[in-house]
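What follows is the residue order along each chain.
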Amino acid sequence: MEHGKFAYLDWAATAPLCFEAARAMAPYLQGGPDSITSQGNANSLHTVGRRAFSAMEDARASLASSLRCRPDELFFTAGATESDNTAIFGIVSAAVKARRAKGEPAFVPHVVSTAIEHEAVLKPIEELKRRGAQVTLIKPDTGGFVTAQQVESAMKHNTVLVSVMAANNEVGSLQPIAQCADAAHAGGALFHTDAVQALGKVAFACRDLGIDAASFSAHKIAGPKGTGALFLRKGTPCEPYLLGGGQESGMRSGTQNVSGMVGFAAAAAACTSDAALSSEVERLRGMRDELYRFLCSHRSVHSSVPCAPGSTDYLPNVVNVTVDGLESETMVLRLDREGVQVSGGSACSSKSLAPNRILAELGIPRDLALGALRISMGRYTTEEDIARFKAAFRSLMEWAGLD
Ligand code: PLP
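Source: prediction; values computed, not measured.

## Regarding the pairing of strand β4 (residues 134-138)
Sheet analysis places strand β3 (residues 110-114) next to β4, joined by five bridges and oriented parallel. Across the sheet, residue Val111 finds its bridge partner in β4, namely Val135. Once the chain exits β3 it traverses helix α4 (residues 119-130) before rejoining the sheet at β4, and the crossover so formed is right-handed.

## Comments concerning the site of the ligand
What surrounds the ligand is a group of 13 residues, the closest being Thr81, Asp194, Gln197, Ser217 and Lys220. Interatomic distance of 2.9 Å between a backbone N/O atom of Ala80 and an oxygen atom of the ligand. Contact distances for the ligand include 2.8 Å between an oxygen atom and a side-chain N or O atom of Gln197. The biggest single contributor to the shell around the ligand is helix α3 (residues 80-101), with three residues.

## Side note on the nonpolar core
Core analysis: the biggest nonpolar cluster contains 58 residues, and Leu63, Val162, Phe191, Phe204, Ile211, Phe216 and Phe264 have the highest contact counts within it. Elements with a minimum of two residues in this core: α2 (47-67), β2 (74-77), α5 (148-154), α6 (177-186), α7 (206-209), β7 (213-217), β8 (228-232) and α8 (258-272). Counting 38 residues, the second largest nonpolar core, distinct from the first, contains Val171, Leu359, Leu362 and Ile386.

## Observations regarding the pairing of strand β12 (residues 372-376)
For β12, a buried count of five out of five residues is recorded, marking the element as mostly surrounded by other parts of the structure. The alternating pattern of β12 places Ala372, Arg374 and Ser376 and Leu373 and Ile375 on opposite faces, both of which are buried. When strand β10 (residues 318-323) meets β12, the two strands line up antiparallel, connected through five bridges. Residue Asn320 lies in a different strand from β12, and its bridge partner there is Arg374.

## Looking at unusual backbone geometry
Notably, Ala222 is not glycine yet its phi reads approximately 70°, a positive angle. Within the secondary structure layout, Ala222 lies in the loop between β7 and β8. Overall, the relative accessible area of 1% leaves Ala222 in the buried class. The backbone of Glu248 shows a phi angle near 50°, a positive value even though the residue is not glycine. Secondary-structure assignment places Glu248 in the loop between β8 and α8. Classification of Glu248 as buried rests on a relative accessible area of 4%.

What counts as what
- Residues numbered from 1 in each chain as written.
- Predicted model: local features only at pLDDT ≥ 70, side-chain atom pairs only at ≥ 80, totals over all residues.
- Heavy atoms only, no water.
- Pairing = 2+ DSSP bridges.
- Helix = DSSP H or I, 4+ residues; strand = E, 2+ residues; numbered from the N terminus.
- Right-handed = clockwise from strand over helix to strand, strands pointing away.
- Near = heavy atom within 4 Å.
- Polar contact = N/O pair within 3.5 Å; in protein donor to acceptor, adjacent residues only side chain to side chain.
- Core = buried A, V, L, I, M, F, W, Y, C linked by side-chain atoms within 4.5 Å.
- Buried < 20%, exposed > 50% of the residue type's maximum accessible area, 1.4 Å probe, protein only.

Below you can see the structure in the form of structure tokens.
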């Protein structure tokens, strides 16, 4: 059944383009022969190229101010998957080269991360392992948290990189990033964080956290898809991942996506200001708490994590529950028929029927993890959307004969 208006509650998968980003990008997306005046190659020497270059550098400066870092510490990419891959392969490769150059030809690197990272971090780490690196994946507790002490205990003489996500995309647990970065540094390693889900939902200042690298994605904060950024603290050794024309100071070759950069910067400015964060976070947290209360008033529904009302240990916009007696896919499709979009797992793995990997890591039994439901909200989510979800969920439970 098609609905004119959706109650879209899958913002952790992707967000609609915000008005600010759309407005900023419009001049870069017109068609026809005259549109080249705003759509040049930022590396061309002529007027058209120089215009694109200055739009790109303005976007970099604006994004750097939103992320609290220097413009020359930011490298634009085609999304957080690329940022994560660049940071992980690039930092490890630079460290190995340095150690080998110092007379350790057989140096084997060790990488520490967590078992609940996104695939964009886990897969490159698996690949490093396949190539001979040592890997330690820290297990979270049942609330979805890891600690700096766990990082400290995992460190070895050959640890070159620690990567811990700032906020988990499935259950919303926020990790102690500054403390984990300290533990990594104390053990002689560099520290990277995947900050995709944290940006715009909690305060995130690169320079205050003591981190060496961080990955960001535009489309999770209502910017355009296919645009991301990698923060690399000035002087952090990192080998480029994409080789070619040497754009982005040699860190990321490829003709720059100026409209994407402009849209990313506008979306970040709109959601990271102190004023935007404080009012929005409170509003989202209120809806999150209301959803947990409503869902857990059903006997067959269990909260996946102990997220107490008002809790600041979890993202304000993510709710995760399991429904005993229903599979995620069935719920997602039936709610969709009512015009309500939610997720059963992360978007990239939601087509498989395996139990939710993150919930399994939290110790949730397989049968329950098969019935995972994630509801995630953003700046355009309204109380009306929540009411629509509740009505659709009630009819789903009635249909399934559950209470
Ligand atoms: N990291 C996290 C935590 C994510 O949630 C996602 C997207 O689902 C990514 C990385 C990948 O981001 P992108 O879609 O920009 O490649």
